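# Report on the structure
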Amino acid sequence: MNISEIPMVRVTWRDAMDSDGNWTEIEDIVGHELATCQDVGWMVYKDDYKIVIMRSRIVEEDQELKEGGGHTAIPASWVIKVEHLTPVLL
């Protein structure tokens, strides 16, 4: 897989947000919101079920992607927006 063929993206998505565990008025509990999150990286996989973002990679002279790290799988139904970015490759 050539890294130049993999889109670099910023993904905005919703996630669960826990409380701090303190006693809370019921009105505040009912109004508790979801977290809005963002990840930036190469979108190495995408289908109707999930997208997988990889934040770092091993640089190969031929630009082939053989190893990466810092990857996150996000359910596709949680994704709000995917913005394509323009990476500068070494």
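The structure this text deals with has already been given above.
Now for a description of the structure that goes with this document. (Residues numbered from 1 in each chain as written. Predicted model: local features only at pLDDT ≥ 70, side-chain atom pairs only at ≥ 80, totals over all residues. Heavy atoms only, no water.)

## Describing the overall build of the protein
What counts here: Only runs of H or I of at least four residues qualify as helices and only runs of E of at least two qualify as strands under DSSP, and these elements are numbered from the N terminus. Based on C-alpha atoms, the radius of gyration is set beside the globule rule, defined as 2.2 Å times the residue count to the power 0.38. Type-normalised accessible area, obtained with a 1.4 Å probe on protein chains alone, sets the label of each residue: buried when under 20%, exposed when over 50%, and partly exposed for intermediate values. Contacts are assigned to residue pairs that have any heavy atoms within 4.5 Å of one another. The Shrake-Rupley method, run with a 1.4 Å probe, gives the accessible areas here. Residue values count only the displayed protein chains as cover.
Looking only at helices and strands, one finds 1 helix and 5 strands in the protein. Along its sequence from the N terminus, the protein presents helices and strands in the succession β-α-β-β-β-β. In terms of overall dimensions, the protein is more spread out than a globule: its C-alpha atoms have a radius of gyration of 17 Å, far above the 12 Å expected for 90 residues. The principal-axis extent of the C-alpha atoms belonging to the protein is close to 60 × 25 × 20 Å. Each of the 90 residues in the protein was classed as buried or not, and the buried ones make up 26%. Counted over contacts in the protein with a minimum sequence separation of 6, partners at least 24 positions apart contribute 57%. Looking at the protein as shown, the accessible area adds up to about 6,700 Å², and 52% of this sits on carbon and sulfur atoms.

## Remarks on the nonpolar core
Test applied: Put simply, a nonpolar core is a bunch of buried Ala, Val, Leu, Ile, Met, Phe, Trp, Tyr and Cys residues held in one set by side-chain atoms that sit within 4.5 Å of each other.
If you look at the biggest cluster of nonpolar residues, it comprises 7 residues: Val 9, Val 11, Trp 13, Met 43, Ile 51, Ile 53 and Ile 74. Put simply, the parts of the chain that give this core at least two residues each are strand S1 (8-15) and strand S3 (50-57). Excluding residues within four positions of it along the chain, Val 11 makes contact with Cys 37, Gln 38, Asp 39, Ile 51, Ile 53, Ile 74, Val 79, Lys 81 and Val 82. Membership of the second largest hydrophobic core comes to 6 residues, among which are Ile 3, Trp 42, Met 54 and Leu 65.

## Focus: a nonpolar patch on the surface
Note the threshold: Patch members must show over 30% relative accessible area and no salt bridge, and they are joined within 9 Å when carrying like charges or within 5 Å when they are nonpolar side chains of Val, Leu, Ile, Met, Phe, Trp or Tyr. Every case where a carboxyl oxygen of Asp or Glu lies within 4 Å of a side-chain nitrogen of Lys or Arg is listed as a salt bridge.
A surface patch of nonpolar side chains, about 310 Å² in accessible area, is lined by Ile 26, Ile 29 and Val 30. Mapped onto the secondary structure, Ile 26 falls in helix H1 (residues 26-30).

Geometry only, nothing functional implied.
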